[in-house]
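Notes for the structure review
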Amino acid sequence: MKDAPAHSQAWLEAVAKLGAASALDAKTQSLAYIAVLAALRLESGLAFHVAEAKAAGASREDVISAVLTGLPAVGNGVTAALPAAIAAYDR
């Protein structure tokens, strides 16, 4: 962000516009994002998105279910995201 501020600003604007274009409410959008992160094994963004989901009213069980949503499609690799997601929720 510091080294490429114009790119950073463009990215943040695109993310905001994509979020605004979604028909999903904030809680559902956050839970869906958590599911995608878990499926792609991208744990680095989990804490942020779990906090967003929690702020939008998601329960601990909602977050766990979101992580496990991809289980049938991508396999048990999603379970690797559970510790990080649960820790983020419990903070």
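Throughout what follows, the structure given in this document is the object of discussion. (Residues numbered from 1 in each chain as written. Predicted model: local features only at pLDDT ≥ 70, side-chain atom pairs only at ≥ 80, totals over all residues. Heavy atoms only, no water.)

**Notes on the overall build of the chain**
What counts is decided by this rule: By the criteria applied, helices consist of DSSP H or I runs no shorter than four residues and strands consist of E runs no shorter than two, each listed in order from the N terminus. Only protein chains enter the accessibility calculation, which uses a 1.4 Å probe; a residue is then buried when its area is under 20% of its type maximum, exposed when over 50%, and partly exposed in between. Every residue pair with non-hydrogen atoms within 4.5 Å of one another is taken to be in contact. Working definition of accessibility: Shrake-Rupley area with a 1.4 Å probe, residue cover restricted to the visible protein chains. Positive charge is attributed to Lys and Arg, negative charge to Asp and Glu, and no charge count is given to His or to the chain ends. Note that the charge is assigned to NZ on lysines, CZ on arginines, CG on aspartates and CD on glutamates.
Helix and strand counts for the chain come out as 6 helices and 0 strands. If you list the helices and strands of the chain from N to C, you get α-α-α-α-α-α. With the principal axes as the frame, the chain shows a C-alpha extent of 40 × 30 × 25 Å. Out of the 91 residues belonging to the chain, those deemed buried represent 25%. Considering only residue pairs separated by 6 or more positions, the chain has 57% of its internal contacts joining residues 24 or more positions apart. For the chain, the computed accessible surface area is about 5800 Å², with 64% contributed by carbon and sulfur atoms. Where the 7 positive side-chain charges of the chain centre and where its 8 negative ones centre are 3 Å apart.

**Description of the packing of aromatic side chains**
Remark: the centre distance and the inter-plane angle together describe each pair of aromatic rings, the angle taken between the planes. Going by this rule: The pairing test for Phe, Tyr and Trp rings, Trp by its six-membered ring, is centres within 6.5 Å, and the orientation test on the planes gives stacked under 30 degrees, edge-to-face over 60, and tilted for anything in between. Lysine and arginine charges are scored as sitting over a ring when NZ or CZ, respectively, is within 6 Å of the ring centre and within 35 degrees of the ring normal.
Evaluation of the coordinates by the stated rule reveals 0 aromatic pairs. Taking NZ or CZ as reference, Lys54 lies 4.6 Å from the ring centre of Tyr89, over its face.

**Observations regarding the environment of Leu31**
Summarising the element assignment, Leu31 is placed in helix α2 (residues 26-40). Taking the C-alpha atoms as reference points, Leu31 and Ala56, separated by 25 residues in sequence, lie 9.8 Å from one another. Beyond its immediate stretch of four places on either side in the chain, Leu31 contacts Ala53, Ala58, Asp62, Val63 and Ala66.

**Considerations on the pattern of salt bridges**
Selection criterion: For this analysis, a salt bridge means a side-chain nitrogen from Lys or Arg found within 4 Å of a carboxyl oxygen belonging to Asp or Glu.
Across all of its chains, the model carries 2 salt bridges by this definition. Note that Lys27 is salt-bridged to Asp62, the shortest N-O span being 3.4 Å. With Lys27 in helix α2 and Asp62 in helix α4 (residues 60-68), the pair connects residues that are 35 residues apart, well separated along the chain. Residue Lys27 is classed as partly exposed on the basis of its relative accessible area, which comes to 28%. A salt bridge links Arg60 to Asp90, with the nearest nitrogen and oxygen atoms 2.9 Å apart. With Arg60 in helix α4 and Asp90 in helix α6 (residues 82-90), this residue pair connects regions lying 30 residues apart in the sequence. With relative accessibility at 32%, the residue Arg60 sits in the partly exposed group.

**Topic: the nonpolar core**
For the record, the criterion: Among the buried residues, those of types Ala, Val, Leu, Ile, Met, Phe, Trp, Tyr and Cys that are joined through side-chain atoms within 4.5 Å form a nonpolar core.
The biggest cluster of nonpolar side chains holds 17 residues, and the ones touching the most others in it are Leu31, Ile34, Val50, Val63 and Val67. For this core, the elements supplying multiple residues, two or more each, are α2, α3 (46-55), α4 and α6.

None of this, on its own, says anything about what the molecule does.
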